[in-house]
Amino acid sequence: MLNPQRSLSELPKMSAASQVERAVLEEEFNWLLKEEVHAVLKQLQDVLKEASRRFAMPTPGLEGQLKQENFILGSSTMDQVKGVLTLQGEALTQADINLKVAKSSQVLHFQFREDKQWKLQQIQDARNHVNQALQLLTSRDETYHFKTGAEVNKLMDAVMLQLTRARNRLTTPASLTLPELATSGLMKMFTPPMPGDVMVNFYINLSKLCLTVYQLHVLPPNTTKNFKPAGSSVLHNPGAMFELNNNRFEVSHVHKVECVVPWLNDTLVFFTISLQLCQQLKDKISVFSSFWNYRPF
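Note that the coordinates shown come from a computational prediction; the quantities given were computed from them, not determined experimentally.

Caption draft 1: Region of interest: the packing of aromatic side chains. By the definition in use, this model includes five aromatic pairs. Taken together, a centroid distance of 5.6 Å and an interplanar angle of 75 degrees make the contact between Phe55 and Trp263 edge-to-face. With Phe55 in the loop between helix H1 (16-54) and strand S1 (58-59) and Trp263 in helix H5 (residues 262-289), this pair connects stretches of sequence that are 208 residues apart. The burial state of Phe55 is the same as that of Trp263; both residues are buried. When the centroid spacing of 5.1 Å and the interplanar angle of 20 degrees are considered together, the rings of Phe242 and Phe249 count as stacked. Side by side, Phe242 and Phe249 carry an identical accessibility label, which is buried. A connected cluster of aromatic rings, assembled from ring pairs, spans Phe112, Phe190 and Phe202. A cation sits over an aromatic face here: Arg140 above Tyr144, 4.5 Å from the ring centre. Just above the ring of Phe227 sits the side chain of Arg248; from NZ or CZ to the centre is 4.0 Å.

Here's what the structure looks like:
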């Protein structure tokens, strides 16, 4: 086997067997660049087209209109919050929320105003990253000839970066401060308007659509309680404090309900398959590269 430490000047001294081995490896590597790379790129495109399609499922019989799906959010262990959310692609087009107030058992009912819908930025960003990965792949069609393994690796790294970003957007919800939640445009979307002691947040976590409802109470101006504003978090706990418009608040109750969105689960599976295909191709390139450390494969 060819010693990767040999210099170019030593090549003429190689045994006939080594030269044959090198010729065979050259031929295999050229076949990899010409044939197998494009086969993998085609696989990747097929998988990512399926992933992209999941973000924009049409209504049966109405190809120009995105499918609307209703999701019931509740918990078997508590009934303080129940919600019905309508998801259409990346947008929540309707939200219907019932909140049982802890102290009085009064049930408050809120829903989106008819002229409002809420874009789920996580879904929008993930879809954009998938489409960018597809653009990278289609820029190298089957007529393109890859000259080096380094060129293939560069493309795989760029595709993997977009897929990792897409996956991270679905697996890592944004951390927000309580004042950011309180002043969010989401709070202005409901009818009747949300009372000042209730806040809500929607987000995606993996394949789940999540609704969090916070109940607040105002801290008296002369309170002796040690006031310490909470930082950013995906989910704040009871006891978290914040200040807004010269008033101080404390979170008294937190209610979180969620449900699985099946097509989001599909997309996460497609991301995993695609990342594995990219890595497997890079691994094959590296096997050949290890034989010729003097040549930039």
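Caption draft 2: The sheet that holds strand S9 (residues 198-205), seen in detail. The four strands lie next to each other as S9-S10-S12-S11, forming an open sheet whose pairing is antiparallel. Each edge of the open sheet is held by one strand with a lone partner, namely S9 and strand S11 (241-244). Neighbouring strand axes in the sheet, compared pairwise and without regard to direction, differ in orientation by 35 degrees on average. Where S9 lies against strand S10 (residues 208-219), eight bridges are found, and the strand directions are antiparallel. Bridged to Asn205 within S10 is Lys208.

Caption draft 3: Quick look at the pairing of S11. Alignment of S11 against strand S12 (residues 247-260), held across four bridges, turns out to be antiparallel. Within S12, the position partnered with Met241 by the bridge is Glu250. Counting the residues between successive antiparallel strands, the hairpin from S11 to S12 contains two residues, one of them, Asn245, with a positive phi of roughly 55 degrees.

Caption draft 4: Geometry of the layout of surface pockets. Approximately 270 Å³ is the volume found for the largest pocket. Considering the residues around the largest pocket, the lining is formed by 15 residues, among which Trp118, Ala174, Leu176, Asn201 and Phe202 are closest to the centre. Counting residues per element, the ones that place at least two in the lining of the largest pocket are strand S7 (118-119), helix H2 (121-138), helix H4 (178-182) and S9. Taken together, the residues of the lining of the largest pocket sort by class into eight nonpolar, four polar and three charged. Surrounding the second largest pocket, twelve residues form its lining, Val101, Asp197, Gln215, Leu216 and Ser252 being those nearest its centre. The set of elements that each furnish at least two residues to the lining of the second largest pocket consists of S10 and S12. Looking at the lining of the second largest pocket residue by residue, the class counts come to six nonpolar, four polar and two charged.

Calculation criteria
Residues numbered from 1 in each chain as written. Predicted model: local features only at pLDDT ≥ 70, side-chain atom pairs only at ≥ 80, totals over all residues. Heavy atoms only, no water. Phe/Tyr/Trp six-rings, centres within 6.5 Å; stacked < 30°, edge-to-face > 60°. Helix = DSSP H or I, 4+ residues; strand = E, 2+ residues; numbered from the N terminus. Buried < 20%, exposed > 50% of the residue type's maximum accessible area, 1.4 Å probe, protein only. Lys NZ or Arg CZ within 6 Å of the ring centre and 35° of its normal. Pairing = 2+ DSSP bridges. Axes fitted to C-alpha atoms, helices over the stretch in contact; angles between N-to-C directions. 1 Å grid on protein atoms, 1.4 Å probe; cavity = no way out; pocket = protein on both sides within 12 Å on 5 of 7 lines; lining within 4 Å. Points joined across faces, edges and corners; volume = space filled by probe spheres on them. Nonpolar A, V, L, I, M, F, W, Y, C, P; charged D, E, K, R; others polar.

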